[in-house]
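Reading the structure
The lines below spell out each chain.
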There are 2 protein chains.
Amino acid sequence: MKTISRKEEIIRVASRLFYEKGYKTVSMRDIATAMNIKAASLYNHINGKQEILSEIILKLAEEFTVGMEKVVSENISAIEKVEKVIEMHVDITVNYSEALAALNNDWMHLEEEDLKAFVKMREDYEENFRKIIKQGIDAGEIKAYHPEVILFSILSTLRTLYLWYQKRGKIDVNILKKDMVSVLIKGIK
Amino acid sequence: MKTISRKEEIIRVASRLFYEKGYKTVSMRDIATAMNIKAASLYNHINGKQEILSEIILKLAEEFTVGMEKVVSENISAIEKVEKVIEMHVDITVNYSEALAALNNDWMHLEEEDLKAFVKMREDYEENFRKIIKQGIDAGEIKAYHPEVILFSILSTLRTLYLWYQKRGKIDVNILKKDMVSVLIKGIK
DNA sequence: TAACAAAACTAACGCTTGTTAGTTTAACTT
DNA sequence: AAGTTAAACTAACAAGCGTTAGTTTTGTTA
């Protein structure tokens, strides 16, 4: 039986607050109050505010990186790869919709080491996506728009999905996947 | 000859800093330092930090509202209306790319009155856009996906455009408009 | 040049921030 | 029941925050 540790609980509560108000606006006292303890008690479980942020963001970034690498290595067409990427985004969004806010809005508040690691992962991710699209265009599966514009359009939608997923009553995952694939793929095929 | 007032200069400098680090992270001393003056001097021109934020956001929101109402009132097809909306977004993005960061990321830090006004404008805007899409579906001009999914997909892309416009060397406005219309419209038509 | 207004300055305020040190309580293990 | 450890507590710190009051500098007009 897996019980969640106090540290994990702090991170979960912090994610929710960061989602609502942003990293800089949420104080350690805010997080503590939400857990019915005092701010100083948090330090029995974590090293500081900064650590909470990097745990949230880097763990998620890892998830995206691993997912993307898996898709890239599969022996399927470019369009199918794009579909898989979309489905991965939907899966992660559904499971971590609150943590995604920090990744999207507060990554610039990471410190030196972590910031560099995050930016690297992000760039690699985009580069992998870009390659898939180019490969699809070369194979004649995807319309020959500027790859950059296609990449931007799809990624923008996927990255903002967590906002809409929260706002409108958490639709069924499979329906959501189907809708996203439809709207995002049909336009470029 | 129109010279910009000191107040306008403060707002311009603040916009740039908010774009880079976010409203909460930027202090009045940061803004002052960027202008080579002391923080207290800012108060000769503005009433407070909060006023800077609301001037930035509400002025932009007004711009969107007016633009949308103009499009809605035109006697053209739904698809043409969507095109006009996309072009309006591109125009505003090009002219106010830094101020757009505050509107997108820091609107929740507005206070009571201003916050209510902003949310109202935003909702009205989305509702107008939604109506255009539904009208297009009814007229058979737009594919019969869920209107909400189409709305979300297009708006996400447009709202994030300011990030990409800054990152990749400020492309020519007309080319950008053409690309955006292509990618966003062809998928739903 | 004297007068005036605009816009800078210094100094300080009350408050909140993240974090630490040291102590007490609560919950298991033996 | 005694001992041990995890996790809470109180109290305080140094630094940074937005803002105010009062003063000095700067630049323009009479």
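In short, a report on the structure. (Residues numbered from 1 in each chain as written. Chains lettered and ligands numbered in written order. Predicted model: local features only at pLDDT ≥ 70, side-chain atom pairs only at ≥ 80, totals over all residues. Heavy atoms only, no water.)

Observations regarding the overall build of chain A
Within chain A, the regular secondary structure consists of 8 helices and 0 strands. When the backbone C-alpha atoms are referred to their principal axes, chain A occupies close to 60 × 35 × 35 Å. Residues counted as buried form 50% of the 189 residues belonging to chain A. Approximately 9,500 Å² of chain A is accessible, and the part contributed by carbon and sulfur atoms is 49%. When the 29 basic and 29 acidic side-chain charges of chain A are each reduced to a single mean position, those positions are 5 Å apart. (Helix = DSSP H or I, 4+ residues; strand = E, 2+ residues; numbered from the N terminus. Buried < 20%, exposed > 50% of the residue type's maximum accessible area, 1.4 Å probe, protein only. Areas by Shrake-Rupley, 256 points an atom, 1.4 Å probe, with all protein chains shown as cover. Lys, Arg positive; Asp, Glu negative; His and termini not counted. Charge placed at Lys NZ, Arg CZ, Asp CG, Glu CD.)

Quick look at the protein's contact with DNA strand D
Close to DNA strand D lie 16 residues, the nearest being Arg6(A), Lys38(A), Asn44(A), His45(A) and Tyr43(B). Protein-proximal atoms of DNA strand D, defined as those within 4 Å of the protein, fall in sugar or phosphate at a share of 55%. A distance of 2.5 Å is found between a phosphate oxygen of DNA strand D and a backbone nitrogen or oxygen belonging to Lys38(A). Between Ser41(A) and DNA strand D, the recorded distance is 3.0 Å, taken from a side-chain N or O atom to a phosphate oxygen. Here the residues of the surface near DNA strand D are counted per class, giving 6 nonpolar, 5 polar and 5 charged. (Near = heavy atom within 4 Å. Polar contact = N/O pair within 3.5 Å; in protein donor to acceptor, adjacent residues only side chain to side chain. Nonpolar A, V, L, I, M, F, W, Y, C, P; charged D, E, K, R; others polar.)

Structural notes on the pattern of salt bridges
Applying the stated rule across the entire model yields 24 salt bridges over all chains. Overlapping salt bridges, with partners in common, bring together Lys7(A), Glu51(A), Glu55(A) and Lys59(A) in one network. (Salt bridge = Lys/Arg side-chain N within 4 Å of Asp/Glu carboxyl O.)

A closer look at the relation of the copies chain A and chain B
Laying chain A over chain B is done by rotating through 180° and shifting 0.0 Å along the axis; what remains is an RMSD of 0.0 Å. Given the turn and translation reported, the copies of this chain are related as if by a two-fold rotation axis. Most of the interface of chain A is mirrored in chain B, where 97% of its interface residues again form contacts. (Least-squares fit on C-alpha atoms with pLDDT ≥ 70 in both. Contact = heavy atoms within 4.5 Å.)

Brief notes about the packing of aromatic side chains
Scanning the model with the defined rule gives 10 aromatic pairs over all chains in all. Plain terms: the ring middles of Tyr19(B) and Tyr162(B) are 6.3 Å apart, the flat faces sit at 70° to each other, and that makes the pair edge-to-face. Of this pair, Tyr19(B) sits in helix H1 (residues 6–21) while Tyr162(B) sits in helix H8 (residues 147–167); the two residues are 143 residues apart in sequence, bridging distant segments of the chain. For Tyr162(B), a relative accessible area of 4% puts it in the buried group. Seen from the ring of Trp164(A), Lys167(A) lies directly overhead, with NZ or CZ sitting 4.8 Å from the centre. Directly above the ring of Tyr23(B) sits Lys49(B), whose terminal nitrogen or CZ lies 4.3 Å from the centroid. (Phe/Tyr/Trp six-rings, centres within 6.5 Å; stacked < 30°, edge-to-face > 60°. Lys NZ or Arg CZ within 6 Å of the ring centre and 35° of its normal.)

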